[in-house]
Amino acid sequence: MNQRLAALLLVASAALAGCATPPQPPLAMKAEMLSSKARVGVAMSPLPKVDTRFPGADCLLCLAAASVANNSMTNHVQALKADELLELKLEVAELLKGKGLEPRVIDEPIELKKLPEVDAKPGFARRDFAALKAKYGVDKLFFIDVTAVGVWRNYASYIPVAEPKATVQGAGYVIDLNTGAYDWYAPIAIFKAGAGRWDEPPAFPGLTNAYYQAIEAAKDTVTGPLAN
């Protein structure tokens, strides 16, 4: 319990600290991305742990109350798998091949926090990916960044204000490694409520179904521009 509360406090502290950077708006895939003969790498960030979060329960006692009240749900959610998200790299690579490109799948996950930050204007990556050009022998990088997967339930201090929702969050984008510009950018912000009752331990069938629907919706967000 103490470890979980510490983790939740870190999430809350990070959300409250400093001024938020304006989000990158969606950017349609540039036509030249699919018509060029550029070498394209396909990579992914490390997949986060499948877990629950309780936005709005932002004090220590609030987090403790939310954690205890939802303990059965949390235990179930943490046992769920997210393997289908790991298959995204291969699915994207196959779709790129169908467009006449010869993608390179990068096996190891790329940790964004290890890349240098840059003060970029909208339309450009806020991390410096340039070193990956020579490392992997690619000109562009199709990157899948999943930052959260699991179930979130909104709180107002001690009080739940909504039913839990399955979520997958992050972004998919293509970066020109020569310029740092985005050739495509799609935020991933999927929230799915379970059909019918959600509070049915220990299997939580409605919420579990919503979880896998959220994963499919996230995959569609990433592959959609290539599937047409």
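Right, let's walk through the structure included here.

Rules of the game
- Residues numbered from 1 in each chain as written.
- Predicted model: local features only at pLDDT ≥ 70, side-chain atom pairs only at ≥ 80, totals over all residues.
- Heavy atoms only, no water.
- Helix = DSSP H or I, 4+ residues; strand = E, 2+ residues; numbered from the N terminus.
- Rg over C-alpha atoms; globule rule 2.2 N^0.38 Å.
- Buried < 20%, exposed > 50% of the residue type's maximum accessible area, 1.4 Å probe, protein only.
- Contact = heavy atoms within 4.5 Å.
- Areas by Shrake-Rupley, 256 points an atom, 1.4 Å probe, with all protein chains shown as cover.
- Lys, Arg positive; Asp, Glu negative; His and termini not counted.
- Charge placed at Lys NZ, Arg CZ, Asp CG, Glu CD.
- Axes fitted to C-alpha atoms, helices over the stretch in contact; angles between N-to-C directions.
- Parallel < 35°, antiparallel > 145°, perpendicular 65-115°, else oblique.
- Nonpolar A, V, L, I, M, F, W, Y, C, P; charged D, E, K, R; others polar.
- Arc of directions from axis to C-beta.
- Pairing = 2+ DSSP bridges.
- Core = buried A, V, L, I, M, F, W, Y, C linked by side-chain atoms within 4.5 Å.
- Phe/Tyr/Trp six-rings, centres within 6.5 Å; stacked < 30°, edge-to-face > 60°.
- Patch = residues over 30% accessible without salt bridge, like charges linked within 9 Å, V, L, I, M, F, W, Y side chains within 5 Å.
- Salt bridge = Lys/Arg side-chain N within 4 Å of Asp/Glu carboxyl O.

## Re the overall build of the protein chain
Secondary structure summary: the protein chain contains eight helices and eight strands in total. Against the globule reference of 17 Å for 228 residues, the protein chain gives a C-alpha radius of gyration of 19 Å, in line with a compact fold. Taking all 228 residues of the protein chain together, 43% fall into the buried category. Across the protein chain, contacts joining residues at least 24 apart in sequence account for 75% of those joining residues at least 6 apart. By element, 56% of the accessible surface of the protein chain is carried by carbon and sulfur atoms, the whole surface being about 11,700 Å². Across the protein chain, the mean location of the 24 positive side-chain charges is 2 Å away from that of the 24 negative side-chain charges.

## Focus: the packing of helix α6 (residues 88-98) against helix α8 (residues 205-227)
Two elements in contact, α6 and α8, have axes whose closest approach is 9 Å; the angle formed by their N-to-C orientations is 10°. Considering the angle they form, α6 stands roughly parallel to α8. On α8, the residues that touch Leu 88, Glu 91, Val 92, Leu 95 and Leu 96 of α6 are Lys 219, Val 222, Thr 223, Leu 226 and Ala 227. Class assignment of the residues belonging to the contact of α6 with α8 gives a composition of seven nonpolar, one polar and two charged.

## Notes on helix α3 (residues 60-69)
Residues of α3 that are buried include every one of Cys 62, Leu 63, Ala 66 and Ser 67, and no others. Taken end-on, α3 shows its buried residues confined to a sector of 130°, consistent with a single buried face. Facing away from the buried side of α3 by more than 90 degrees, the exposed set consists of Leu 61, Val 68 and Ala 69.

## Some words on the pairing of strand β7 (residues 165-176)
Residues in a regular strand project their side chains so that they alternate between the two faces of the sheet. Counting buried residues along β7, ten of its twelve residues qualify, which places the element largely inside the surrounding structure. Direction of pairing for strand β4 (residues 140-152) relative to β7: antiparallel, over a ladder of twelve bridges. The residue of β7 that forms the bridge with Phe 142 is Val 174. Pairing of β7 with strand β8 (residues 182-193) involves eleven bridges; the strand directions are antiparallel. Note on β8: the bridge partner recorded for Ile 175 is Tyr 182. Between β7 and β8, which pair antiparallel and follow one another directly, the connecting turn spans five residues, one of which, Gly 180, has a positive phi of 80°.

## Quick word on the nonpolar core
Residues Leu 85, Phe 142 and Val 168 are the most contacted members of the largest nonpolar core, which totals 44 residues. Broken down by secondary-structure element, the contributors of at least two residues to this core are β1 (40-44), α3, α4 (71-78), α6, β4, β7, β8 and α8. With residues up to four places along the chain from it excluded, the contact list for Leu 85 reads Met 44, Leu 47, Val 146, Val 149, Val 168, Ile 215, Ala 218 and Lys 219. Core analysis: the second largest hydrophobic core is formed by 18 residues, Ala 43, Ile 110, Ala 171 and Ile 175 among them.

## Some points on the packing of aromatic side chains
All chains considered together, the criterion is met by eleven aromatic pairs. Between the aromatic rings of Tyr 173 and Tyr 182, the centroid separation amounts to 5.3 Å while the plane-to-plane angle is 70°, which identifies the pairing as edge-to-face. A residue is classified by how much of its surface remains accessible, and Tyr 173, at 5% relative accessible area, is buried. The class of Tyr 182 is buried, set by a relative accessible area of 7%. Through a chain of ring-to-ring contacts, three or more aromatic side chains come together here, namely Phe 129, Phe 143, Tyr 173, Tyr 182 and Tyr 185.

## Thoughts on a nonpolar patch on the surface
A cluster of nonpolar side chains, namely Leu 61, Tyr 158 and Ile 159, defines an oily patch on the protein surface of about 330 Å² accessible area. Turning to its location among the elements, Leu 61 is positioned in helix α3. Given a relative accessible area of 57%, Leu 61 falls into the exposed group.

## Points about the pattern of salt bridges
Scanning all chains against the criterion turns up ten salt bridges. Between Glu 91 and Lys 219 there is a salt bridge; the shortest N-O distance is 3.1 Å. Of the two residues, Glu 91 is situated in helix α6 and Lys 219 in helix α8; the sequence distance between them amounts to 128 residues. Take Glu 91: its relative accessible area is 28%, and that puts it in the partly exposed class.

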